[in-house]
Amino acid sequence: QVQLRESGGGLVQTGGALRLSCAASGRSFHEYNMAWFRQAPGKEREFVAVISWVGDSTYYADSVEGRFTIFRDNSQNTLYLQMNSLKPDDTAVYYCAARPGLLALGSLQPSDFGFWGQGNQVTVSS
């Protein structure tokens, strides 16, 4: 099992940057595939990025490719999302998620993940 807690969100201007963190508790963090999702007001939760167990493989949604970077520090049991060149369309509640076992990296959906953080608000102003 793993428990997740996001932090690092806030209010930034267009073009700014934020780094989200997801602190994991519990053992075997390194055996979990980890991902970021986001949910804007009135919209469904959407995939943002995913990273494999050891952090050697990643996949990004087209909307964030080239601007966001997902990485993990297994020694600290922490997942990160570096968000650069932020746009108003990036405004959402961001969630980290975990899934043990095999997972083909690609554009995923929330049902692919069984463990979730509580979410962290990111607001990008015009």
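Keep in mind that what you see is a predicted model, and the values were worked out from it rather than measured.

A. Structural detail: the sheet that holds strand β3 (residues 18-25). Here 4 strands make up an open sheet; going across it, the order is β1-β3-β8-β7 and the pairing antiparallel. Both edges of this open sheet fall to β1 (3-7) and β7 (68-73), since each of them pairs with a single strand only. Recorded for the sheet is a direction-independent mean angle of 15 degrees between the axes of neighbouring strands. Strand direction decides the pairing type here: β3 and strand β8 (residues 78-83), joined by 6 bridges, are antiparallel. Bridging from a neighbouring strand, L20 pairs with L81 of β8.

B. Spatial organisation of the pattern of salt bridges. This structure, assessed with the given rule, holds 3 salt bridges. Here E46 ties to R38 by a salt bridge, and the two come within 2.8 Å at their closest N and O atoms. On the accessibility criterion, E46 (36% relative accessible area) is partly exposed. On the accessibility criterion, R38 (4% relative accessible area) is buried.

Quick notes on the rules
Residues numbered from 1 in each chain as written. Predicted model: local features only at pLDDT ≥ 70, side-chain atom pairs only at ≥ 80, totals over all residues. Heavy atoms only, no water. Pairing = 2+ DSSP bridges. Helix = DSSP H or I, 4+ residues; strand = E, 2+ residues; numbered from the N terminus. Axes fitted to C-alpha atoms, helices over the stretch in contact; angles between N-to-C directions. Salt bridge = Lys/Arg side-chain N within 4 Å of Asp/Glu carboxyl O. Buried < 20%, exposed > 50% of the residue type's maximum accessible area, 1.4 Å probe, protein only.

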